[in-house]
Protein chains: 2
Amino acid sequence: MTPAGNRSDKTQVTRALLALREQILSGQFAAGERMSELPLVERLGVSRTPLRLALVALEHEGLLDRLPGGGYTVREFTVTEIADAIELRGVLEGTAARLAAERGIGRRELRAMSELNDEILRLINTDGDYVTRYVDLNERFHARLIKLAGSVQLERMWSGIAALPFAGPSALLLTEPKLSESWPILRVAQRQHASMLDAITQRQGARAESVGREHARIALTNLDLLLRERETFQRMPGGSLVLLPGGAADDHS
Amino acid sequence: MTPAGNRSDKTQVTRALLALREQILSGQFAAGERMSELPLVERLGVSRTPLRLALVALEHEGLLDRLPGGGYTVREFTVTEIADAIELRGVLEGTAARLAAERGIGRRELRAMSELNDEILRLINTDGDYVTRYVDLNERFHARLIKLAGSVQLERMWSGIAALPFAGPSALLLTEPKLSESWPILRVAQRQHASMLDAITQRQGARAESVGREHARIALTNLDLLLRERETFQRMPGGSLVLLPGGAADDHS
DNA sequence: CCAAAGATGTTTGTATGCAACCCCGTCGCT
DNA sequence: AGCGACGGGGTTGCATACAAACATCTTTGG
């Protein structure tokens, strides 16, 4: 859904959309602050007409909230919301896997996904900075998984939620500093990919679904780990939009 | 999501949105036909600016498809897509029920839903034309169910899919002619509502989820019944948007 | 001194004019 | 005769001017 622009659109609304999203995610707007059109116009260098289209797109995307008197604010996400979004992504991916299993999938497609996953396996057996490549492969795997179900609606819903900051399939990957902690997790994830493919191949719908769900919950673990290091967290794109649990408790629960 | 307008907006974009949606659902546009802005402007009596906002809203809603060169067409739905959408609504409602069960729900809310469902029970024990009232009660029950989970994302996704023609909780109710056939179905549905509430009360997440899913599948049955009477089908709002299975086969499968 | 009405600035909503684009047919040149 | 280019109609994209809603602060009258 209006994820970016089609093609390499040079249209003003795309320009505004991209710029705005980036500025929002990098925390250049305070959480409850009212975003009026005129300031944005001069900030982004587009006129009001395309700007408004970009704004409704971002509202649809869930990054902006329309406030009563008109105007927008950047949406603030609680940790619970993020966890819910991840759980929901798991539900959707599980459903995709189940439907794929029930309906049967061509060997070509399964083969392609297997190869993607094999490449992931080779990658995490390597030493070195493979994060970028891993993210790419992982996203491709998940995107294809969703398409396996062959349902437009499912795809739409998934795109809607996976575009949310922190809810995407590779959103919470630990970056450099703590890579040691994330290494075993990636292995588990790769294994789950394989299990899903196997379940789909053998048309075991229930198994495919539950593995799909559990797989997404890996992100919950990563979320927990990340929350232990608030500074790192805040620096990640979109980090400033997250309302961290208040100073009290929750740090040693 | 941009379901109707907030408040009783007299704004032009709302006017355009409502009028357009109604005209689309009543089949006043051919399926693949290109909808250009200028004709719509004089048809709806609003200028291009609010019209375009209404168009993107309908695109987000899934009723319109943007076509490559610009402009829109009304979206055409296959029977399979409708079935998928219903299945997905079941997945979401099942998830809502499961989350509600897992997280626990206040008695007040459960009580309220029980009363709604009791009223449905009394209603279907009555003779007479209760369709309108049933639809109202049923929609309220489902809306509350979704809210029980307490997840904004889930609610958003559900609204998105329940707004689709034929995918809403009461969308495929058989109208007057065949009421006799739908009567026992309503009884089953009411019972499933009760089971869901019971499961939630007893915090039986898995049960709540599976009942929620199965409950939505009632709509699949109704869909089947409706497809036996194409004329009736075509007359329902949005009926003309559905691409019926080609003349061959499928009538006696 | 307080209250109410009005003026003023700021905001969003709407209309419209202009420019760029695309499809397509036709005309001219080779 | 074929191929290419030019131009016309129609369409969308964009910018801007204007109107209406809203808020605020001031000013004036009691």
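Structure first, text after, so check above.
Computed from a predicted model, the values in this text were never measured in an experiment.

> Is there a simple way to think about the overall build of chain A in this case?
Counting its regular elements, chain A contains ten helices and four strands. Going from N to C terminus, chain A has its helices and strands arranged as α-α-α-β-β-β-α-α-α-α-α-α-α-β. By the burial criterion, 48% of the 253 residues in chain A qualify as buried. Of the contacts made within chain A by residues no fewer than 6 positions apart, 68% connect residues no fewer than 24 positions apart. Entry remark: accessible area of chain A is about 12100 Å², with carbon and sulfur atoms responsible for 51%.

> In this structure, what is going on with the pattern of salt bridges? I would like to understand it.
Charged atoms that come close allow side chains of opposite charge to pair. Scanning all chains against the criterion turns up 42 salt bridges over all chains. One salt bridge in this structure joins A:E87 and B:R98, with 2.8 Å as the shortest N-O distance. Of the two residues, A:E87 sits in helix α4 (residues 79–103) while B:R98 sits in helix α4 (residues 79–103), which places them in two different chains. Both residues of the pair, A:E87 and B:R98, belong to the buried class. A salt bridge links B:R217 to B:E214; its shortest N-O distance comes to 2.7 Å. Here B:E214 and B:R217 lie together in helix α9 (residues 205–227), a separation of three residues that amounts to about one turn. Taking relative accessible area as the criterion, B:R217 reaches 24% and is therefore assigned partly exposed. Here B:E214 falls in the partly exposed class, since its relative accessible area comes to 40%.

> Got a minute to help me understand the protein's contact with DNA strand C in this structure?
The environment of DNA strand C is formed by 13 residues, the closest being A:R48, A:R52, B:Q12, B:S47 and B:T49. Expressed as a percentage, the sugar and phosphate content of the atoms of DNA strand C within 4 Å of the protein is 55%. B:T11 has a polar side-chain atom sitting 2.9 Å from a phosphate oxygen of DNA strand C. In the environment of DNA strand C, a base nitrogen lies 2.8 Å from a nitrogen or oxygen atom belonging to the side chain of B:T49. Where the surface near DNA strand C is concerned, the elements lending two or more residues are α2 (37–44) and α3 (48–61) of chain A together with α1 (12–25) and α3 (48–61) of chain B. Counting residues per element, the surface near DNA strand C draws most heavily on α3(B), which supplies three residues. A breakdown of the residues in the surface near DNA strand C according to their chemical character gives three nonpolar, six polar and four charged.

> Explain the protein's contact with DNA strand D here, please?
Near DNA strand D lie 14 residues; those nearest to it are A:T11, A:Q12, A:S47, A:T49 and B:R52. Among atoms of DNA strand D positioned within 4 Å of the protein, sugar and phosphate together represent 59%. In this structure, A:S47 approaches DNA strand D through a side-chain N or O atom, which is 2.8 Å from a phosphate oxygen. Those elements that provide at least two residues to the surface near DNA strand D are α1 (12–25) and α3 of chain A together with α2 (37–44) and α3 of chain B. Looking at which element gives the most residues to the surface near DNA strand D, the answer is α3(A), with three residues. Broken down by class, the residue content of the surface near DNA strand D amounts to four nonpolar, six polar and four charged.

> What should I look at first to understand the relation of the copies chain A and chain B in this one?
When chain A is fitted onto chain B, the two copies agree to an RMSD of 0.1 Å after a turn of 180° and an axial shift of 0.0 Å. Both copies are brought into coincidence by an operation consistent with a two-fold rotation axis. Relative to the rotation axis, the closest C-alpha in chain A is found at A:M157, a distance of 3.2 Å. A share of 94% of the interface residues of chain A reappears at the interface of chain B, consistent with the copies meeting face to face through the same patch.

> What is the right way to read the packing of aromatic side chains from this model?
How two aromatic rings sit relative to each other is given by the distance of their centres and the angle of their planes. Residue and element names in this part refer to chain A. Considering all chains together, one arrives at two aromatic pairs over all chains under this definition. Look at F166 and F233: their rings are 5.2 Å apart centre to centre, the planes differ by 5°, and that puts the pair in the stacked class. Pair noted here: F166 is in the loop between α7 (152–162) and α8 (179–201) and F233 is in helix α10 (residues 230–235), with a separation of 67 residues, a long-range link. Here F166 matches F233 in class, with each residue buried.

> I'm lost on the environment of B:P237 in this one. Help?
Residues and elements named next belong to chain B. Structurally, P237 can be placed in the loop between α10 (230–235) and β4 (242–243). On a C-alpha basis, the gap between P237 and E22 in space is 8.4 Å, while along the polypeptide they are 215 residues apart. Beyond its immediate stretch of four places on either side in the chain, P237 contacts L25 and F166.

Thresholds applied
- Residues numbered from 1 in each chain as written.
- Chains lettered and ligands numbered in written order.
- Predicted model: local features only at pLDDT ≥ 70, side-chain atom pairs only at ≥ 80, totals over all residues.
- Heavy atoms only, no water.
- Helix = DSSP H or I, 4+ residues; strand = E, 2+ residues; numbered from the N terminus.
- Buried < 20%, exposed > 50% of the residue type's maximum accessible area, 1.4 Å probe, protein only.
- Contact = heavy atoms within 4.5 Å.
- Areas by Shrake-Rupley, 256 points an atom, 1.4 Å probe, with all protein chains shown as cover.
- Salt bridge = Lys/Arg side-chain N within 4 Å of Asp/Glu carboxyl O.
- Near = heavy atom within 4 Å.
- Polar contact = N/O pair within 3.5 Å; in protein donor to acceptor, adjacent residues only side chain to side chain.
- Nonpolar A, V, L, I, M, F, W, Y, C, P; charged D, E, K, R; others polar.
- Least-squares fit on C-alpha atoms with pLDDT ≥ 70 in both.
- Phe/Tyr/Trp six-rings, centres within 6.5 Å; stacked < 30°, edge-to-face > 60°.

Functional significance is not addressed by these values, which are geometric in nature.
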